[in-house]
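# Architecture at a glance
Given next are the chains, with one letter for each unit.
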Amino acid sequence: MLAAPMMDDRPPEGQPLSATDAKYLRQAFVWANAARTRGNRPFGAVVVAADGRILAEAFSNTRETGDCTGHAEMNAVRQLGNPRVAPELLAGATLYASAQPCAMCAGAICNAGIGRVVFGLDDTRLLQIRPDLRGSTLDCHTVFDNATYAITCIGPALVNEALAVYEDSWFPPSS
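Residues numbered from 1 in each chain as written. Predicted model: local features only at pLDDT ≥ 70, side-chain atom pairs only at ≥ 80, totals over all residues. Heavy atoms only, no water.

## Here's the deal with the overall build of the chain
- Secondary structure summary: the chain contains 8 helices and 5 strands in total.
- Taken from N to C terminus, the helices and strands of the chain fall in the order α-β-β-α-α-α-β-α-β-α-α-β-α. (Helix = DSSP H or I, 4+ residues; strand = E, 2+ residues; numbered from the N terminus.)

## Regarding the packing of aromatic side chains
- Within this structure, the stated rule accounts for 3 aromatic pairs.
- Centroid distance Y24 to Y96: 5.7 Å. Interplanar angle 35°. Geometry classified as tilted. Of this pair, Y24 sits in helix α1 (residues 19-37) while Y96 sits in strand β3 (residues 94-99), placing them 72 residues apart in sequence.
- For Y24, a relative accessible area of 8% gives the class buried.
- With 5.4 Å between their ring centres and 50° between their planes, F43 and Y166 make a pair best called tilted. Of the two residues, F43 sits in the loop between α1 and β1 (44-48) while Y166 sits in helix α8 (residues 159-166), which places them 123 residues apart along the sequence. Like Y166, F43 is buried. (Phe/Tyr/Trp six-rings, centres within 6.5 Å; stacked < 30°, edge-to-face > 60°. Buried < 20%, exposed > 50% of the residue type's maximum accessible area, 1.4 Å probe, protein only.)

## Description of the pattern of salt bridges
- For the structure on display, the rule yields 5 salt bridges.
- The salt bridge involving R38 is made with E64; its shortest N-O contact spans 2.7 Å. Separated by 26 residues along the polypeptide, R38 in the loop between α1 and β1 and E64 in helix α2 (residues 62-65) bring together distant segments of the chain.
- Owing to a relative accessible area of 49%, R38 belongs among the partly exposed residues under this scheme.
- Judged by its relative accessible area of 39%, E64 falls in the partly exposed class. (Salt bridge = Lys/Arg side-chain N within 4 Å of Asp/Glu carboxyl O.)

## Side note on the pairing of strand β2 (residues 54-59)
- Sheet topology note: the β1/β2 ladder contains 5 bridges and is antiparallel. Following the sheet pairing, G44 is matched in β2 by F59.
- Hairpin connection between β1 and β2: a loop of 5 residues separates the two successive antiparallel strands, and G52 in this loop has a positive phi of roughly 95°. (Pairing = 2+ DSSP bridges.)

## A word on the sheet that holds β3
- Across the sheet, which stays open at both edges, the 5 strands sit in the order β2-β1-β3-β4-β5 with mixed pairing between neighbours. At either margin of the open sheet sits one strand with a lone partner, and together these are β2 and β5 (152-154). Put simply, the sheet's adjacent strands are angled 15° from each other on average, direction ignored.
- As paired strands, strand β4 (residues 116-121) and β5 are joined by 3 bridges and run parallel to one another. The residue of β5 that forms the bridge with V117 is C153. (Axes fitted to C-alpha atoms, helices over the stretch in contact; angles between N-to-C directions.)

## A look at the environment of D123
- Along the polypeptide, D123 turns up in helix α6 (residues 123-129).
- Sequence separation of D123 and C140 is 17 residues, and the distance between their C-alpha atoms is 9.6 Å.

## Looking at α1
- Taking 1.5 Å as the rise per residue, α1 with 19 residues should run 27 Å; its terminal C-alpha atoms sit 27 Å apart, in good agreement.
- Turning to α1, its buried residues number three or more, namely D21, A22, Y24, L25, A28, F29, A32 and A35.
- Buried residues belonging to α1 abut β1, β2, β3, β4 and α8.
- Looking at the residues trailing α1, positive phi occurs at G39, about 95°. (Expected span 1.5 Å × (residues − 1). Contact = heavy atoms within 4.5 Å.)

## Side note on helix α5 (residues 103-112)
- Counting buried positions along α5 gives 7 out of 10 residues, so the element sits mostly inside the fold.
- Turning to α5, its buried residues are C105, A106, G107, A108, I109, C110 and A112.
- As for α5, its buried residues are in contact with α3 (72-79), α4 (87-91), β3, β4 and α7 (140-145).
- The positive-phi residue at the C-terminal boundary of α5 is G113, with phi of around 90°.

What follows is the structure, given as structure tokens:
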């Protein structure tokens, strides 16, 4: 297992967001807290169309379902298929995630055709809290950079608020 990065290796404190981006990222934090309340890992996601319509909202449910793919982003992407959301709508949509999407979730975002991602807590900080969390060192930026279309990725953002979701509220690594 890789060691967690040192605090001096942290990315910048966060990128500035528009009021709209901040609103929906905070909604992803609400879903992350809902996941924790239900006994799951604290991750949340919201997908919003360019016109402001919420297309999907989800939280991680890996513990309650036993499904290792039940990440918040995956659960949100699954909602986009029922009923099928038009590809042109997804191309202009933004997925807001409480934390940086893992490689699996980034791949699902690519396959769904979502054009933009905004996330709160970055992997560097998340791994300082839970060094056992990620099963891969491949990050979402690398996945998005290799997509067949352009995906804008903004984050970390609202870092202090994102940290409040994860610090002092996480299950012990052995659970």
